[in-house]
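Structural overview
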Amino acid sequence: MTAPILHIVDVTRTHGEGETAVHALRGVSLDVFPGELVAVMGPSGSGKSTLLNLAGGLDKATSGQVLIEGDEVGALGANQLASLRRRRVGFVFQDFNLIPSLTAAENVSLPLELDGMSVKEGRRAAHEILEIVGVAELADRYPDKMSGGQQQRVAIARALVGDRRLVLADEPTGALDSTTGEGVLRVLRDRCNAGAAGLLVTHEARHAAWADRVVFLRDGVVVDTTGSPEEAETLLVGSGS
Amino acid sequence: MSVKLGLLALLAEQSMYGAQLRSEFEARTGGTWPLNVGQVYTTLARLERDGMVAQDAQADEEGRILYHLTPLGLEEVTTWWRTPVDRDETPRDELVIKLALAVTTPGVDVPAVVQTQRTATLRHLRDLTRLKVQASDQQASSDGTSNDLAWLLVVENLIFAAESEVRWLDHVEARLATEAARPKRAVASTDAAAAEDAEYRTAAARSANTTTTSQGARK
């Protein structure tokens, strides 16, 4: 099997010290391979969002390692971290988080331009990915002139523009009706089928069902998973997809 | 759902022979509830006895016996379409019974039972979701035959059912956590059963001592 894009090894995250310390994660290990979508479920306060933040370099582990495509996130300096988030990791949030004063194409190309890519190249990359997620016609539109489902597709395009291969999604369908939400999950699923790695935090079983595996967290510990990556792969082959 | 009404609904369209009824039924429901031919013929025999279907006067060119609907059968189907499905009768659900017994049986690790089931149901849900993607692609690219739509609707129904099971299991887990935090009392139902049992035995002993012939002292 190929190397994982996201490799999390025995990670803990503790807020505070001594008696008042809160253990958000207590020894979590998780791999996400190219082509895989992994869902994280668990009750509120179980550590789902902490895990996602660590995976995206938004937060630092108290102990353990987070590796993205072989690079240890904890060892990166501030500039390298910023570059990592612009070049290699994409986030999708519940409330889309598009910049209202920028068009869809500008929103998508922004991280690339911030990282030094020319405007022209950035726009070309943006149009390419907008086409792939099925909203090419929205390239010059502003977010307030788009539906929620369209905004979320643009957000997925932004998360995956360039050669980014890890997408981290936090309740991406939370603000959408069920059919629109399903369309968004389908886009995410398709991107993973095309080789990206996805980590999806959700509390909806119906949405987690789009993933290859589901990881359950409770009180900062993985209590169960619906199978190993190998098994997920066999099932995928078995179902003929 | 009774096989009877399914067969009647199919025969309302046209005359069919047994194996044809079976394959039509499966095609339209995506093979989710397989029928065997024996079951089809037993049901047809019963329907014939009740005057709802009759055999065609002539077999088809390959010698197969075709069945058609009688006016009484047609009335039965029409009534079925018009009336809601009866939901008063609680179906016997193994999972519900299992959990009800698990929480009342000492020594059972109930959270583990819940977790194991949820993992299995989520896997099932994932497989159903894949089927659904296939089914909706098929439906989108098809010439619009209604069998594809029927299959898609069946899969979606199974998805809703599986999702509802997961939500219920989440609820059970939360409920167990609340209960675990509560101060313990004696298990009332066991006490009550023991008391009832003692009472019954006393009554039985009493009736055996007297000359009455009543055997059914118990309620």
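As the structure is a computational prediction, the values presented were derived from the model and not from experiment. (Residues numbered from 1 in each chain as written. Chains lettered and ligands numbered in written order. Predicted model: local features only at pLDDT ≥ 70, side-chain atom pairs only at ≥ 80, totals over all residues.)

1. Quick word on the overall build of chain A
For the record, the criterion: Runs of E in the DSSP output that reach at least two residues are strands. Runs of H or I that reach at least four are helices, and both are numbered from the N terminus. C-alpha atoms define the radius of gyration, and 2.2 Å times the number of residues to the power 0.38 defines the globule rule. Working definition of burial: number of other C-beta atoms within 10 Å of the residue's own, with buried at 20 or more, exposed at 12 or fewer, and partly exposed in between, all C-beta atoms being placed from the backbone. Here, residues touch in the contact sense if the C-beta positions derived from the backbone fall within 7 Å of one another.
When helices and strands are tallied, chain A shows 8 helices and 10 strands. A globule of 241 residues ought to have a C-alpha radius of gyration of about 18 Å, and chain A, at 18 Å, matches this closely. Taking the principal axes of its C-alpha atoms as reference, chain A extends roughly 50 × 45 × 35 Å. Expressed as a percentage of the 241 residues in chain A, the buried residues total 48%. Of the contacts formed within chain A by residues at least 6 apart in sequence, a portion of 69% connects residues at least 24 apart.

2. Considerations on the interface of chain B and chain A
Let me state the cut-off plainly: The nonpolar class holds Ala, Val, Leu, Ile, Met, Phe, Trp, Tyr, Cys and Pro. Asp, Glu, Lys and Arg form the charged class, and all remaining residues, Gly among them, are polar.
Contacts between the two partners involve 13 residues from chain B, matched on the other side by 13 residues from chain A. Of all the secondary-structure elements, those providing two or more residues to the side of chain B that touches chain A are α6 (110-141) and α7 (146-180) of chain B. For the side of chain B that touches chain A, the element with the highest residue contribution is α6(B), accounting for 9 residues. Residue classes in the side of chain B that touches chain A are distributed as 4 nonpolar, 3 polar and 6 charged.

3. A short note on the packing of helix α1 (residues 3-11) of chain B against helix α2 (residues 18-28) of chain B
Residue and element names in this part refer to chain B. Our working rule: Axis lines are fitted to C-alpha atoms, over the contacting stretch for helices. Their N-to-C directions set the angle, which ranges from 0 to 180 degrees. With respect to orientation, any angle under 35 degrees is reported as roughly parallel, any angle over 145 as roughly antiparallel, any angle of 65 to 115 as roughly perpendicular, and every other angle as oblique.
Between α1 and α2, the least distance of the axes is 10 Å, while the angle of their chain directions is 100°. What the angle tells us is that α1 and α2 run roughly perpendicular. On the side of α1, the interface is formed by Gly6, Leu7 and Leu10, while α2 contributes Leu21, Glu24 and Phe25. For the contact of α1 with α2, a count of residues per class yields 4 nonpolar, 1 polar and 1 charged.

4. Thoughts on the sheet that holds strand β2 (residues 22-32) of chain A
Residue and element names in this part refer to chain A. So the rule is basically this: A pair of strands is considered paired only if DSSP assigns at least 2 bridges between the two.
An order of β2-β1-β4-β5 is seen for the 4 strands of this open sheet, with the pairing classed as antiparallel. Looking at strand neighbours, the two that pair on one side only are β2 and β5 (71-72), the edges of this open sheet. Both strand β1 (residues 6-15) and strand β4 (residues 63-68) contribute to a ladder of 5 bridges, which runs antiparallel. The residue bridging histidine 7 from the neighbouring strand is leucine 67, located in β4. Where helix α1 (residues 48-55) meets the sheet, its contacts fall on β1, β2 and β4, and the angle it forms with β1 comes to roughly 120°.

5. Regarding the confidence of the model for chain B
All names here are of chain B. To keep things clear, this is the line we draw: The score called pLDDT rates the predictor's confidence residue by residue, from a low of 0 to a high of 100.
Per-residue confidence for chain B averages 83 on the pLDDT scale, and 89% of its residues sit at or above 70. Scored below 50 in pLDDT, residues 211-219 shows 6 contacts in the model against residues more than four places distant or in partner chains. Under the prediction, the complex receives an ipTM of 0.74, its pTM being 0.75.

6. Points about the environment of A:Gly42
Residue and element names in this part refer to chain A. By secondary structure assignment, the location of glycine 42 is in the loop between β3 (37-41) and α1. Judged by the 22 C-beta atoms lying within 10 Å of it, glycine 42 falls in the buried class. Put simply, glycine 42 and arginine 218 are 176 residues apart on the chain and 5.9 Å apart in space, counted from C-alpha to C-alpha. Beyond its immediate sequence surroundings of up to four residues, glycine 42 is in contact with Lys48, Phe216, Leu217 and Arg218.

7. A closer look at the packing of α2(B) against helix α3 (residues 37-49) of chain B
All names here are of chain B. This is how the line gets drawn: By convention the crossing between two helices is left-handed if the near helix lies anticlockwise of the far one by an angle smaller than a right angle, and right-handed if it lies clockwise.
Direction vectors running N to C along α2 and α3 enclose 115°, while the axes themselves pass 9 Å from each other. What the angle tells us is that α2 and α3 run roughly perpendicular. Remark: the crossing between α2 and α3 carries right-handed chirality. For the pair α2 and α3, contact is made by Gly18, Ala19, Leu21 and Arg22 and by Val37, Val40, Tyr41 and Leu44, respectively. Of the residues that constitute the contact of α2 with α3, the class distribution is 6 nonpolar, 1 polar and 1 charged.

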